[in-house]
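# A closer look at the structure
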Amino acid sequence: RSRFQSVPMAICCILTGLVCAAAEPTEVQHGLKTEYFRDSNFQEKAFERIEPNIECYWDWGSPAANVPVDHFSVRWTGWLRAPKAGRYKLIVHGDDGAIMRLNGLTVIERRNGHIFTEEANVELSETPVPFSLSYFELTQPAYCVMFWQPVGATSYCAEIGRAHV
């Protein structure tokens, strides 16, 4: 269970990723393409995998044996699709910085190196749009969580990454 209370899935949006390893896909994996880097500048890739959501609490540890405890970065990419057209609030909570892009536009950018919560109100339709969230860790505890909800809803949705195509 999440550290945050989630609202029923019916009002949550869907974050999807479609990852194909070959030019002619034989098997499709659902989730977000997640790339881990050994530096905080997204230069030295350590590995990649598919993850179902963005809810990472590394605290004082490392995401993997081949990634340092401090000064690493992570990039999630996929597709964002709303269950119905409307205005949605995207929320990122983390430490130390993050950049969110939606359909090629930067909607959240935080680079101050401290704990943060950033929000963006965006208009979405039922048509999937390209999504990416780039997170970087400098020092201290490491975590990055993304929530979203229809504008006006009273609770966050933590279960954002249950992907469907």
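What you are looking at is a predicted structure, and each value in this text was computed from that prediction instead of being measured. (Residues numbered from 1 in each chain as written. Predicted model: local features only at pLDDT ≥ 70, side-chain atom pairs only at ≥ 80, totals over all residues. Heavy atoms only, no water.)

With respect to the element layout, E51 can be found in strand β5 (residues 45–51). Using a relative accessible area of 8% as the deciding quantity, one classes E51 as buried. (Helix = DSSP H or I, 4+ residues; strand = E, 2+ residues; numbered from the N terminus. Buried < 20%, exposed > 50% of the residue type's maximum accessible area, 1.4 Å probe, protein only.)

In this section: the pairing of strand β10 (residues 105–110). In this structure, strand β9 (residues 97–102) lies alongside β10, joined through five bridges in antiparallel fashion. Bridged to I99 within β10 is E109. (Pairing = 2+ DSSP bridges.)

Here we take up the packing of aromatic side chains. In total, this model carries seven aromatic pairs according to the counting rule given. An aromatic cluster of at least three residues, connected via ring pairs, comprises Y36, F47, W58, F72 and Y135. (Phe/Tyr/Trp six-rings, centres within 6.5 Å; stacked < 30°, edge-to-face > 60°.)

Before going further, it helps to spend a moment on the sheet that holds strand β8 (residues 86–95). Across the sheet, which stays open at both edges, the four strands sit in the order β6-β13-β8-β11 with antiparallel pairing between neighbours. With one partner strand each, in any of the chains shown, β6 (55–59) and β11 (116–124) form the two edges of the open sheet. For this sheet the average axis-to-axis angle between neighbouring strands, irrespective of direction, equals 20 degrees. Here nine bridges tie β8 to β11, and the two strands are oriented antiparallel to one another. Paired with L90 across the bridge in β11 is A120. (Axes fitted to C-alpha atoms, helices over the stretch in contact; angles between N-to-C directions.)

Let's shift gears to the pattern of salt bridges. Taken as a whole, this structure holds eight salt bridges when the rule is applied. Taking the shortest distance from any N to any O, the salt bridge between E48 and K45 comes out at 2.8 Å. Here E48 falls in the partly exposed class, since its relative accessible area comes to 39%. The residue E109 makes a salt bridge to R111 at a minimum N-O spacing of 2.7 Å. Looking at E109, the relative accessible area reads 44%, which means it is partly exposed. Each member of the salt-bridge network shares a partner with another, and the members are E35, K45 and E48. (Salt bridge = Lys/Arg side-chain N within 4 Å of Asp/Glu carboxyl O.)

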